[in-house]
Number of protein chains: 2
Amino acid sequence: MPLNKVKSAEVAATPKRQHKADAKAAAHPHAKPRPLTRIQREKQDIILEAALEVFSVHGFRGATIDQIAEVAGMSKPNLLYYFPRKEEIHRRLMAALLETWLAPLQEMNADGDPFPEIRSYIRRKLEMARDYPRESRLFANEMLQGAPRIIEMIEVDLKNLVDEKAKVLLGWMDQGKLARTDPYHLIFSIWATTQHYADFDVQVRAVLGPSRGGEGRFEDAARYLEHLFLYGLTPRPRP
Amino acid sequence: MPLNKVKSAEVAATPKRQHKADAKAAAHPHAKPRPLTRIQREKQDIILEAALEVFSVHGFRGATIDQIAEVAGMSKPNLLYYFPRKEEIHRRLMAALLETWLAPLQEMNADGDPFPEIRSYIRRKLEMARDYPRESRLFANEMLQGAPRIIEMIEVDLKNLVDEKAKVLLGWMDQGKLARTDPYHLIFSIWATTQHYADFDVQVRAVLGPSRGGEGRFEDAARYLEHLFLYGLTPRPRP
DNA sequence: AGAAATTTTGACCAGTTGGAAAAATGTTAG
DNA sequence: CTAACATTTTTCCAACTGGTCAAAATTTCT
């Protein structure tokens, strides 16, 4: 018996009519799902894009289907024709997000040298914060709520990946190529410092002020982080 | 004319009856506000505590008065007797939060030596993440939404404080006591790395696993961060 | 073109939400 | 004790929410 989804055993107190698609799928569990039409793919993309916009700001509970529909430029029932329920939209978004999210770390290569590898990992994460801030906020929102909808993926896929990369880091430390520190917290600190520029963007810009809060802030951040992770704050004698 | 609150000039499309307290205050702008009774102070505290619990998880929009009332153990109308509207509760929470939030940075002392000062700043922030995770999440939630309700405080109070401390850091750098880097991003990185342990707590615990995800994780984090900020990741020859 | 399938709309619904009003119940100073 | 005040409960409401449904409009396929 699978350990998850135990909830389905609950007695359905309210008989809750099912959505057409659900009903059809239940009737013919082996019916091949009709391939998506062009319109279906296009509209689903529009909806997901709009949902990203809304969910990333207000979180799951705070976002409404009406809002998403409005941003997507369609009526609520029309939106619900493509996604039978709010949760479904969010689920799709999160599934896509997790893949994007893991990719940069996956690229960290054990055969490379630690500093180029770590440096370009930081760069990639910082670029993601710059180019996909909504995705970053969506993820943060889910985390703040205790990740109820993705905890399993975090506990399995993400954990496995980090375990693997922590070993890589340990390997480098054993070879004396990297200071001996906690590889897990090292990874956390890279996540934290880079995602900060997406999640706390308002604060960063407000504090930097108009003169330094422009696009250049990402380059400044990259330079600073590079220095921090390489040398820390101890002053070094001028060459 | 004050620059904020311009919205009151909007034509009130719906005549929206005002709350009793509001009406009273408007009628006698100089009437001295009756001092709070014991019960009032106690109940307000209970409500704020409950609101912190709920707002920190679901954000402003996602939280409901009913939820807060239930956590506070009272009826919704009863709660509304103490705080005329949802926004008011949130405002009070944020005002109190900001003070708590700025305190640790304020303690950073220009006359001290940079490393002890920075180290203990990191410690204090990490302790806050450990001891007040809900406050941290409340703050993060507000940031994710673009800080609509506290942007002014961020732009003024927080910015001024950071400007001041950035000067302190620059002073240390000029004295050669601290590596020359961007003081603003230095402060950001301290915020990011420490608050991460509150805001992304689920993730941290999931990735560390049961063996290392216990309370000890904060000590591990402190050790790691100390090393990171002091020396970075460059390996140093053994003494 | 015309039938079949897909997409869109408008009307609708039950439950939730923020909030108001008033009546009922304490509490306290004189 | 009792009048004045503070607190709590009950009832209520309009707007919003997630979601359904049948019919109409449009697109696709033959």
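Keep in mind that this is a model prediction, so the values were computed, not measured.

Caption draft 1: Local environment of the overall build of chain A. Assigned secondary structure in chain A consists of 11 helices and zero strands. Start at the N end of chain A and walk to the C end: the helices and strands fall as α-α-α-α-α-α-α-α-α-α-α. Sorting the 239 residues of chain A into buried and exposed places 47% on the buried side. Contacts in chain A between residues at least 24 apart in sequence constitute 67% of all its contacts with a sequence separation of at least 6. For chain A, the exposed surface amounts to about 13000 Å²; the carbon and sulfur share of it is 54%.

Caption draft 2: Examining the relation of the copies chain B and chain A more closely. Aligned on chain A, chain B shows an RMSD of 0.1 Å; the corresponding rotation is 180° and the shift along the axis is 0.0 Å. On this basis, the relationship between the two copies can be described by a two-fold rotation axis.

Caption draft 3: Here's a closer look at the pattern of salt bridges. Throughout the structure, instances matching the rule amount to 40 salt bridges over all chains. Across the salt bridge formed by Arg130 of chain B and Asp131 of chain B, the nearest N and O atoms sit 3.0 Å from each other. In this structure, the salt-bridge partner of Asp174 of chain B is Arg180 of chain B, at a minimum N-O distance of 2.8 Å. Taking relative accessible area as the criterion, Arg180 of chain B reaches 48% and is therefore assigned partly exposed. Several salt bridges share partner residues, and in doing so they unite Arg119, Arg123, Glu219 and Glu226 of chain A into one network.

Caption draft 4: Focus on the interface of chain B and chain A. Facing 65 residues of chain B, the contacting portion of chain A comprises 65 residues. For the pair chain B and chain A, the summed buried surface comes to about 5700 Å²; carbon and sulfur atoms form 69% of the total. Considering only the surface of chain B that becomes buried against chain A, Leu144, Val207 and Leu233 of chain B emerge as the three largest contributors, covering 14% of it. For the interface between chain B and chain A, the tally reads two salt bridges. Of the charged contacts in the structure, one is a salt bridge between Asp182 of chain B and Arg212 of chain A, with a shortest N-O distance of 2.4 Å. Linking chain B to chain A there are 14 residue pairs in polar contact (both at pLDDT 80 or more). Sorting the residues of the side of chain B that touches chain A by element identifies helix H2 (38–62), helix H6 (114–131), helix H7 (133–144), helix H8 (151–174), helix H9 (183–199), helix H10 (201–212) and helix H11 (216–231) of chain B as the ones contributing at least two each. The element best represented in the side of chain B that touches chain A is H9 of chain B, accounting for 12 residues.

Caption draft 5: Representation of unusual backbone geometry. Of note, the phi angle at Ala147 of chain A is positive, near 55°, even though the residue is not glycine. Looking at the element boundaries, Ala147 of chain A is found in the loop between helix H7 (133–144) and helix H8 (151–174).

Caption draft 6: Quick look at the nonpolar core. Core analysis: the largest hydrophobic core is formed by 136 residues, its most contacted members being Phe229 of chain A together with Phe229 of chain B. In contact with Phe229 of chain A, not counting residues within four places along its chain, are Phe115, Ile122, Leu186, Ser189, Ile190 and Thr193 of chain A together with Tyr224, Leu228, Gly232, Leu233 and Thr234 of chain B.

Caption draft 7: Representation of the side chain of His196 of chain A within the structure. Of note, His196 of chain A is situated in helix H9 (residues 183–199). If we skip the residues at most four places from it in the chain, His196 of chain A touches Asp201, Gln203 and Val204 of chain A together with Phe188, Trp191 and Ala192 of chain B.

Caption draft 8: Structural context of H8 of chain B. All names here are of chain B. The terminal C-alpha atoms of H8 lie 32 Å apart, and with 24 residues this matches the ideal 34 Å at 1.5 Å per residue to within 8%. Roughly 35° is the biggest bend found in H8, and it falls at Lys159. Listing the buried residues of H8 in full gives Ile154, Leu158, Lys159, Leu161, Val162, Asp163, Lys165, Ala166, Val168, Leu169, Trp172 and Met173. The positive-phi residue at the C-terminal boundary of H8 is Gly176, with phi of around 75°.

Caption draft 9: Representation of the packing of aromatic side chains in the model. Throughout the structure, instances matching the rule amount to 14 aromatic pairs over all chains. Look at Phe55 of chain A and Phe60 of chain A: their rings are 5.7 Å apart centre to centre, the planes differ by 15°, and that puts the pair in the stacked class. We note that Phe55 of chain A, like Phe60 of chain A, is buried. A connected cluster of aromatic rings, assembled from ring pairs, spans Phe188 and Trp191 of chain A together with Tyr197 and Phe218 of chain B. The ring of Phe60 of chain A is capped by Arg149 of chain A, whose NZ or CZ atom sits 4.2 Å from the centre of that ring. In this arrangement the basic side chain of Lys86 of chain B is found over the ring face of Phe60 of chain B, its NZ or CZ atom lying 4.6 Å from the centre.

Caption draft 10: Seen up close, the confidence of the model for chain A. On average, residues of chain A carry a pLDDT of 87, and 83% of them reach 70 or more. A low-confidence stretch, residues 1–28 of chain A (pLDDT under 50), is modelled with five contacts involving residues beyond four sequence positions or located in other chains.

Caption draft 11: Structural view of H10 of chain B. The terminal C-alpha atoms of H10 of chain B lie 13 Å apart, and with 12 residues this falls more than 12% below the ideal 16 Å at 1.5 Å per residue. By the burial criterion, the buried members of H10 of chain B are Asp201, Val202, Gln203, Val204, Ala206, Val207, Leu208 and Gly209 of chain B. Next to the buried residues of H10 of chain B lie H7, H8 and H9 of chain A together with H7, H9 and H11 of chain B.

Caption draft 12: Structural context of the packing of helix H11 (residues 216–231) of chain A against H11 of chain B. Close contact between H11 of chain A and H11 of chain B brings their axes to 6 Å; oriented N to C, the two are set at 110°. One finds that H11 of chain A runs roughly perpendicular with respect to H11 of chain B. Every residue of H11 of chain B that contacts H11 of chain A at Tyr224, Leu228, Phe229, Leu230 and Tyr231 of chain A is listed here: Tyr224, Leu228, Phe229, Leu230 and Tyr231 of chain B. A breakdown of the residues in the contact of H11 of chain A with H11 of chain B according to their chemical character gives 10 nonpolar, no polar and no charged.

Caption draft 13: Structural context of the packing of H9 of chain A against H11 of chain A. All names here are of chain A. Between H9 and H11, whose axes approach to 11 Å, the crossing angle comes to 165°. Classed by the angle they form, the pair H9 and H11 counts as roughly antiparallel. Between H9 and H11 the crossing geometry is right-handed. Contacts between H9 and H11 involve Leu186, Ser189, Ile190, Thr193, Thr194 and Tyr197 from the former and Phe218, Ala221, Leu225 and Phe229 from the latter. Looking at the contact of H9 with H11 residue by residue, the class counts come to seven nonpolar, three polar and no charged.

Caption draft 14: Structural view of the side chain of Ser189 of chain A. Here Ser189 of chain A is to be found in helix H9. Look at Ser189 of chain A and you get buried, because its relative accessible area is 2%. A polar atom in the side chain of Ser189 of chain A sits 2.7 Å from the backbone oxygen of Leu186 of chain A. Ignoring any residue separated from it by four or fewer positions in sequence, one finds Ser189 of chain A in contact with Phe229 of chain A together with Thr193, Tyr224 and Leu228 of chain B.

So, how was this worked out
Residues numbered from 1 in each chain as written. Chains lettered and ligands numbered in written order. Predicted model: local features only at pLDDT ≥ 70, side-chain atom pairs only at ≥ 80, totals over all residues. Heavy atoms only, no water. Helix = DSSP H or I, 4+ residues; strand = E, 2+ residues; numbered from the N terminus. Buried < 20%, exposed > 50% of the residue type's maximum accessible area, 1.4 Å probe, protein only. Contact = heavy atoms within 4.5 Å. Areas by Shrake-Rupley, 256 points an atom, 1.4 Å probe, with all protein chains shown as cover. Least-squares fit on C-alpha atoms with pLDDT ≥ 70 in both. Salt bridge = Lys/Arg side-chain N within 4 Å of Asp/Glu carboxyl O. Buried area = accessible area lost by both parts, 1.4 Å probe. Polar contact = N/O pair within 3.5 Å; in protein donor to acceptor, adjacent residues only side chain to side chain. Core = buried A, V, L, I, M, F, W, Y, C linked by side-chain atoms within 4.5 Å. Expected span 1.5 Å × (residues − 1). Bend = angle between axes of the 7 residues up to and from the residue. Phe/Tyr/Trp six-rings, centres within 6.5 Å; stacked < 30°, edge-to-face > 60°. Lys NZ or Arg CZ within 6 Å of the ring centre and 35° of its normal. pLDDT = per-residue confidence, 0-100. Axes fitted to C-alpha atoms, helices over the stretch in contact; angles between N-to-C directions. Parallel < 35°, antiparallel > 145°, perpendicular 65-115°, else oblique. Nonpolar A, V, L, I, M, F, W, Y, C, P; charged D, E, K, R; others polar. Left-handed = near helix turned anticlockwise from the far one by under 90°.

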